[in-house]
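Here's the letter readout for the chains.
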Amino acid sequence: MNQFTEKITDKDFIGKLIPQKAPFVMVDKLLHFEEKKVIAGLTISEENIFTQNHKFTAPGLIEHMAQTVALYTGYQFFLKEEDAPVGYIGAIKKAEIFDLPSVGNELKTTVNVLHDIMGVTLVTAETECNGKVIASSEMKTVLAN
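Residues numbered from 1 in each chain as written. Predicted model: local features only at pLDDT ≥ 70, side-chain atom pairs only at ≥ 80, totals over all residues. Heavy atoms only, no water.

Re the layout of surface pockets
- Empty space within the largest pocket amounts to approximately 300 Å³.
- Lining the largest pocket we find 14 residues, and of these K11, V25, V27, D28 and L42 sit closest to its centre.
- For the lining of the largest pocket, the elements supplying multiple residues, two or more each, are helix 1 (11-17) and strand 2 (37-43).
- Residue contributions to the lining of the largest pocket peak at 3 residues, all from helix 1.
- Residues of the lining of the largest pocket, tallied by class, amount to 7 nonpolar, 4 polar and 3 charged.
- Considering only enclosed or pocket space, the second largest pocket measures out at about 200 Å³ in volume.
- The wall of the second largest pocket is formed by 16 residues, among which A66, A70, G87, Y88 and T141 lie closest to the centre.
- For the lining of the second largest pocket, the secondary structure elements donating two or more residues are helix 2 (58-79), strand 5 (87-97) and strand 8 (132-143).
- Sort the elements by how many residues they give to the lining of the second largest pocket and helix 2 lands first, with 6 residues.
- For the lining of the second largest pocket, the per-class residue count stands at 9 nonpolar, 6 polar and 1 charged. (1 Å grid on protein atoms, 1.4 Å probe; cavity = no way out; pocket = protein on both sides within 12 Å on 5 of 7 lines; lining within 4 Å. Points joined across faces, edges and corners; volume = space filled by probe spheres on them. Helix = DSSP H or I, 4+ residues; strand = E, 2+ residues; numbered from the N terminus. Nonpolar A, V, L, I, M, F, W, Y, C, P; charged D, E, K, R; others polar.)

Here it is in structure tokens:
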């Protein structure tokens, strides 16, 4: 599997890698990709549907983590020259939110893939903002057939 270290910040390209469409896109950068690991980013805007009172909400953080997994899968399919599949959160085993970031801040989420078999991906995710871990989770995503 390919690995790259160049950031991909083209929002149109990122949009082709995930099934979500505006205004429900919660990733805007692919910062790192390798087998079993992806790092994605999001700059929080006031217009984001998960922004309230200049803060990004807990459901937004969960969705950002899930879309980081979708970006991992979508980029895998891009490398195979196939369309990005639709998937959904199958289960969240654990989610902890330590802080809610403000508008203008950039999220950086690292997803480590524990298992990826037959369309089911089990991951751990950790979201940082300004160098501080603000959220973490263990989740399972499932590709739709």
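Points about the environment of E46
- Relative to the helices and strands, E46 is located in the loop between strand 2 and strand 3 (51-52).
- A sequence separation of 56 residues divides E46 from S102, and the C-alpha atoms of the two residues are 9.1 Å apart.
- The residues touching E46, leaving out its near neighbours within four places in the chain, are T51, H54 and V103. (Contact = heavy atoms within 4.5 Å.)

What to know about unusual backbone geometry
- With an omega of 10°, the peptide bond between A22 and P23 qualifies as cis.
- Locating P23 in the fold gives a position in the loop between helix 1 and strand 1 (29-34).
- You will see that N53, though not glycine, has its phi angle at about 50°, which is positive.

Some points on the side chain of T121
- Looking at where T121 falls in the secondary structure, it is placed in strand 7 (residues 120-129).
- Overall, the relative accessible area of 4% leaves T121 in the buried class.
- In this structure the side chain of T121 is engaged in a polar contact, spanning 2.9 Å, whose partner is the side chain of D116.
- The residues touching T121, leaving out its near neighbours within four places in the chain, are V69, V113, H115, D116, M139, K140 and T141. (Buried < 20%, exposed > 50% of the residue type's maximum accessible area, 1.4 Å probe, protein only. Polar contact = N/O pair within 3.5 Å; in protein donor to acceptor, adjacent residues only side chain to side chain.)

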